[in-house]
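Chain by chain, the residues:
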Protein chains: 2
Amino acid sequence: MLKLTRKVEYALISLRHMQGKSTDSISSTKEIANHYNIPVEILAKTLQHMAKENIIEAINGPRGGYRIKAKLNKINLVEFFEKVEGPLGLSDCFYDANCMQIEFCNIRTPIQRINNNMINMFRSMSVQDITN
Amino acid sequence: MLKLTRKVEYALISLRHMQGKSTDSISSTKEIANHYNIPVEILAKTLQHMAKENIIEAINGPRGGYRIKAKLNKINLVEFFEKVEGPLGLSDCFYDANCMQIEFCNIRTPIQRINNNMINMFRSMSVQDITN
DNA sequence: TTATATCCGATAATTTTAGTCGGATATATT
DNA sequence: AATATATCCGACTAAAATTATCGGATATAA
Ligand code: SF4
Ligand code: SF4
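All values derive from a computational prediction rather than experimental measurement.

Parameters and conventions
Residues numbered from 1 in each chain as written. Chains lettered and ligands numbered in written order. Predicted model: local features only at pLDDT ≥ 70, side-chain atom pairs only at ≥ 80, totals over all residues. Heavy atoms only, no water. Near = heavy atom within 4 Å. Polar contact = N/O pair within 3.5 Å; in protein donor to acceptor, adjacent residues only side chain to side chain. Helix = DSSP H or I, 4+ residues; strand = E, 2+ residues; numbered from the N terminus. Pairing = 2+ DSSP bridges. Salt bridge = Lys/Arg side-chain N within 4 Å of Asp/Glu carboxyl O. Buried < 20%, exposed > 50% of the residue type's maximum accessible area, 1.4 Å probe, protein only. Nonpolar A, V, L, I, M, F, W, Y, C, P; charged D, E, K, R; others polar.

A. Spatial organisation of the protein's contact with DNA strand C. If you check the shell around DNA strand C, you find 24 residues, and the closest are A:Thr29, A:Ala58, A:Tyr66, B:Arg6 and B:Pro62. Each atom of DNA strand C within 4 Å of the protein belongs either to a base or to sugar and phosphate, the latter forming 61%. Taking A:Gly61, its main chain carries an N or O atom lying 3.3 Å from a sugar or linking oxygen of DNA strand C. For DNA strand C, a base oxygen lies 3.1 Å from a polar atom in the side chain of B:Lys45. Elements with a minimum of two residues in the surface near DNA strand C: helix 2 (29-36), helix 3 (40-52), strand 1 (56-59) and strand 2 (65-68) of chain A together with helix 1 (6-19) and helix 3 (40-52) of chain B.

B. The pairing of strand 2 of chain A, seen in detail. All names here are of chain A. Where strand 1 lies against strand 2, four bridges are found, and the strand directions are antiparallel. Looking at the pairing, Ile56 lines up with Ile68 of strand 2. Hairpin connection between strand 1 and strand 2: a loop of five residues separates the two successive antiparallel strands, and Gly61 in this loop has a positive phi of roughly 80°.

C. Up close: the pattern of salt bridges. For the coordinates displayed, the defined rule picks out eight salt bridges over all chains. A salt bridge links B:Asp92 to A:Lys3; the nearest nitrogen and oxygen atoms lie 2.7 Å apart. Taken together, the residues span two chains, with B:Asp92 in the loop between helix 4 (77-85) and helix 5 (108-123) and A:Lys3 in the segment before helix 1 (6-19). One salt bridge in this structure joins B:Arg6 and B:Glu9, with 2.9 Å as the shortest N-O distance. Of this pair, B:Arg6 and B:Glu9 both sit in helix 1, three residues apart, which is roughly one turn of the helix. What makes B:Glu9 buried here is its relative accessible area of 10%.

D. View of the site of ligand 1. Around ligand 1 lies a shell formed by A:Ser91, A:Cys93, A:Cys99, A:Gln101, A:Ile102, A:Cys105, A:Arg108, B:Arg6 and B:Glu9. Per-site note: the chains with residues close to ligand 1 are chains A and B. Considering only residue class, the shell around ligand 1 consists of four nonpolar, two polar and three charged.

Written out as structure tokens, the structure reads:
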């Protein structure tokens, strides 16, 4: 319970990998996948997704790959998680109302309070706090 | 991502329900399931589990049911989550080493730091902070 | 022209979470 | 004693979410 997804982990591993290299150097999917033992295809998807979100930049063709595009210290972890994985919260009802209990739920308000604490904690950290 | 499970929610809903009644009054599975629109069988399992963990107490027979046994303000949310749902953490590797990336992982340490923050946040709250 | 890379939709497999079933035991009420 | 109502509990099934794979397209450096 309360776990990050592999996709998020793969994204962070990749960003930290790229950040450890000189600014304009390019990392290919295969290079990262091999280095960290990540399935190539799913890593490819993750990187494509991050490129679409303008976190990284894709360079096509041979000798191509990706490099960091955004300022990682300007992206907080809530933004990052939502860009990579989608909405975020302790309970469904904070972003999607399909809950059979919602009408009579007696814990929604207290859970929401805790959810806010958690969100604030993640918002107070940037991606760079992980990749550095 | 980062969601509580239904089981945890059902457990909390039940505890709050029981806490809203006079100390020795008993709540049956059916009563709670009907009141909050929760599937009876799965709620039964959840309540049995909590009884085994000594959070609540089972009374058998007709007019039976459950009542609160533990001091809810003495159980912090990490204990509670782990009793109801099992181990807890942002990444598998903090309680189970079956990760293909673990040998070369470059984010384990920073994630663990954040994990500790999260755990501490939940540990600083008691079940009663939700059920009150 | 060729080889290497990203791109991208569709699909499959796996794991986790959620819910169901069947039959047992305990006990208050009649 | 019989009955009805409740918990107990293991095994099972279903659904959903996550994780991984496939097939074929496009871009471009050498
Ligand atoms: S309404 Fe209550 S039970 Fe439903 S998702 Fe929200 S907090 Fe959970
Ligand atoms: S080793 Fe790294 S990738 Fe594997 S679970 Fe831990 S943090 Fe995640």
